[in-house]
Amino acid sequence: MNREDRERLERRKRMLAREQGNVPIPQPAQNPQPAQRQTKRKNGTAQQSTAGKSSSEPVGVQTENPKIRSISEELRRRQRRRTALLVGAVVVLAAALALASGVLSTSIAMLGDLTDSVYLAFNRAGGGWPASTGIRTPLQVEELAGGFVELDGEDVAVYSAYGAKVRAFQPGYARPALAVGNTRFAVYNRAGSELTVQSRTRQLYAKNFSSPIMLCAMSDNGTLAVVTESDRYAAEVNIYDPAFRDTPYVWKITQEDGTPIAMDFAPDNRRFAAGTVAAKDGQLCTNVRFMSLSSDTAGSVYQADTGSMVLKLEWLSSGRLLAVFDTYITVLDTTSAAEVSRYDYGGSTLQSVSTCGKATALLLAVRGGNTLVTLNEKLTPLAMIPAGLAEKVTCTATEVYLLTDSGVESYAFDGVQNWSVDLGTRPQAVIEASHTLVFTPGQANILTGN
């Protein structure tokens, strides 16, 4: 009997044993195949020998324990949950700190201003220069984020940096006035107790005060200072953050301190200067006070010359403030309130003043006509130019503009005339926006020497 017959007989015996319920005893193969798989146990993991396997089969592959796999996935899930909880806690804590410090409200305001800028950049319908404003006798014209806001006795008109009319409205105030920041402004009633805070595209807030409003000032980030009358004090100053929350910074000013008539915010939006006036011994006394929103105590105080009245305050930098009085102009150190430099008018009357960067231009009225005086950052005279019957002066970083009865004259700060243009009508204002703009009755146009 050959080998094949013997194997066939063995298979029949095994099949017959299974049918009868008997387990056959395996017989050792006489000639085992060299590629027969052998199973080994190592560290509780089954491994197969690689003998006789094809090159496509993985070599040395270990079968992973399902219990170990499930435990590892659970640990990873727990780690992810802990990480998410930690990140969430950090975000909540940062938001709480930001809200407490006012940073969050500033960020929200900046986001709204950015949205306005994007909207206006894509909506320029009817834009271009000259722009027809319809306001013939403006009370105020102010730069607003590259465009401008213009106010007369009844209307407020807002224009974008592209010469397109954004909107116009009537506040309905008897004596309206503007306080302008970088991208928003307040319209307030100097004969009443109402004000509104406006962005370029919409009204943001409205508020009524229990006492009449005397003065408003706005910082670049939208922080608003409101000076009102007071029954017990000379005045009361309420300063609201950009979100206009109901818990403002409050400064109650005594009769001895005087009444604020000029205010300006520092570049950090956290400090401000206030020019106050009071009558003492029959004389006018003016002080400039430096205040901080992070402190309830008064800061340093500058006492002006007796009889001089403050007209304008402007922060030149974090450490310097320009104070304009009716008899002289001075630069003050904002820490010590000491005079850094000074220029006296010499008996002349101040007609107009403009400051840009490190330079200042004064229009002084003297006998026989007006005089244009240009000053450097130390208030040292650079030039003195006869100005005839000019009524206003505006300066930019490189030029000085004199507004005459029918046109505009341009000068360098060293007194050299650049050009002169005849507008055929009296110019009302010149401002530095996205372009240098000149305003005439009902119209705004780019100012050029052509």
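Up top is the structure these notes are about.
No experiment lies behind these values; they were computed from the predicted model shown. (Residues numbered from 1 in each chain as written. Predicted model: local features only at pLDDT ≥ 70, side-chain atom pairs only at ≥ 80, totals over all residues. Heavy atoms only, no water.)

### Quick word on the overall build of the chain
Piece 1. Within the chain, the regular secondary structure consists of three helices and 34 strands.
Piece 2. Sorting the 450 residues of the chain into buried and exposed places 42% on the buried side.
Piece 3. Intrachain contacts of the chain at a sequence separation of at least 6 include 38% that bridge at least 24 residues.
Piece 4. Accessible surface for the chain amounts to roughly 25,000 Å². Of this, 50% is attributable to carbon and sulfur atoms. (Helix = DSSP H or I, 4+ residues; strand = E, 2+ residues; numbered from the N terminus. Buried < 20%, exposed > 50% of the residue type's maximum accessible area, 1.4 Å probe, protein only. Contact = heavy atoms within 4.5 Å. Areas by Shrake-Rupley, 256 points an atom, 1.4 Å probe, with all protein chains shown as cover.)

### Observations regarding the sheet that holds strand β29 (residues 400-403)
Strand pairing in a sheet relies on backbone hydrogen bonds. The paired strands run either parallel or antiparallel.
Piece 1. Strand order in this open sheet of four strands is β28-β29-β30-β31, and the pairing throughout is antiparallel. Each of the sheet's edge strands pairs with one partner strand only, and the pair in question is β28 (392-395) and β31 (417-422). For this sheet, the mean inter-axis angle between neighbouring strands, taken without regard to orientation, is 20 degrees.
Piece 2. Judged from the five bridges that link them, strand β30 (residues 407-411) and β31 form a sheet pairing that is antiparallel. Bridging across to β31, Glu 409 finds its partner in Ser 420. (Pairing = 2+ DSSP bridges. Axes fitted to C-alpha atoms, helices over the stretch in contact; angles between N-to-C directions.)

### Looking at the pattern of salt bridges
Piece 1. This structure, assessed with the given rule, holds 10 salt bridges.
Piece 2. When the shortest N-O distance is used, the salt bridge between Glu 236 and Lys 252 registers 3.0 Å. Linking Glu 236 in strand β14 (residues 235-240) with Lys 252 in strand β15 (residues 249-253), this pair joins segments that are 16 residues apart in sequence.
Piece 3. Looking at Glu 236, the relative accessible area reads 18%, which means it is buried.
Piece 4. Between Arg 245 and Asp 241 there is a salt bridge, with the nearest N and O atoms lying 2.6 Å from each other. (Salt bridge = Lys/Arg side-chain N within 4 Å of Asp/Glu carboxyl O.)

### Examining the nonpolar core
Piece 1. One finds Leu 195, Leu 224, Met 263 and Phe 272 to be the most contacted residues of the largest nonpolar core, which totals 30 residues.
Piece 2. No other element matches the five residues that strand β12 (residues 213-218) contributes to this core.
Piece 3. If near-sequence neighbours (up to four positions away) are discounted, Leu 224 is found in contact with Ala 186, Leu 195, Val 197, Cys 216, Ala 217, Met 218, Asn 238, Ile 239, Tyr 240 and Phe 244.
Piece 4. Residues Phe 290, Tyr 302, Trp 315 and Leu 332 belong to the second largest nonpolar core, which totals 16 residues. (Core = buried A, V, L, I, M, F, W, Y, C linked by side-chain atoms within 4.5 Å.)

### Focus on unusual backbone geometry
Piece 1. With an omega dihedral of 0 degrees, the bond running from Trp 129 to Pro 130 counts as a cis peptide bond.
Piece 2. By the element assignment, Pro 130 lies in the loop between α3 (103-122) and β3 (131-132).
Piece 3. A positive phi angle, close to 65 degrees, is found at Ala 337, a residue other than glycine.
Piece 4. Along the polypeptide, Ala 337 turns up in the loop between β22 (328-333) and β23 (339-344).

### Considering the packing of aromatic side chains
Ring pairs (aromatic) are described by centroid distance and by the angle formed between their planes.
Piece 1. All told, the structure shown has 12 aromatic pairs when counted by the stated rule.
Piece 2. Among the aromatic side chains, those forming a connected cluster through ring pairs are Tyr 205, Phe 209, Tyr 240 and Phe 244.
Piece 3. Positioned above the aromatic ring of Tyr 328 is the side chain of Arg 342, whose terminal nitrogen or guanidinium carbon lies 3.7 Å from the ring centre. (Phe/Tyr/Trp six-rings, centres within 6.5 Å; stacked < 30°, edge-to-face > 60°. Lys NZ or Arg CZ within 6 Å of the ring centre and 35° of its normal.)

### Points about the environment of Gln 255
Piece 1. Structurally, Gln 255 is set in the loop between β15 and β16 (259-265).
Piece 2. C-alpha of Gln 255 to C-alpha of Ala 278: the two residues are 23 residues apart in sequence and 7.4 Å apart in space.
Piece 3. If we skip the residues at most four places from it in the chain, Gln 255 touches Tyr 233, Ala 234 and Ala 278.

### Topic: the sheet that holds strand β19 (residues 301-303)
Piece 1. Pairing in this open sheet of four strands is antiparallel, and the strands run β16-β17-β18-β19 from one edge to the other. The open sheet is flanked by β16 and β19, the only strands paired with a single partner. Strand-to-strand twist in this sheet, taken as the mean axis angle between neighbours without regard to direction, amounts to 20 degrees.
Piece 2. Two elements, strand β18 (residues 283-292) and β19, share three bridges in a ladder whose sense is antiparallel. Residue Val 288 lies in a different strand from β19, and its bridge partner there is Tyr 302.

### A few points about the pairing of strand β13 (residues 224-228)
Piece 1. Among the five residues that make up β13, five are buried, leaving the element largely enclosed by the rest of the structure.
Piece 2. Here β12 runs beside β13; their pairing, made up of five bridges, is antiparallel. When the sheet's bridge partners are listed, Met 218 is paired in β13 with Leu 224.
Piece 3. Remark: five residues form the turn of the hairpin made by β12 and β13, two consecutive strands paired antiparallel; Gly 222 in that turn has positive phi of roughly 100 degrees.

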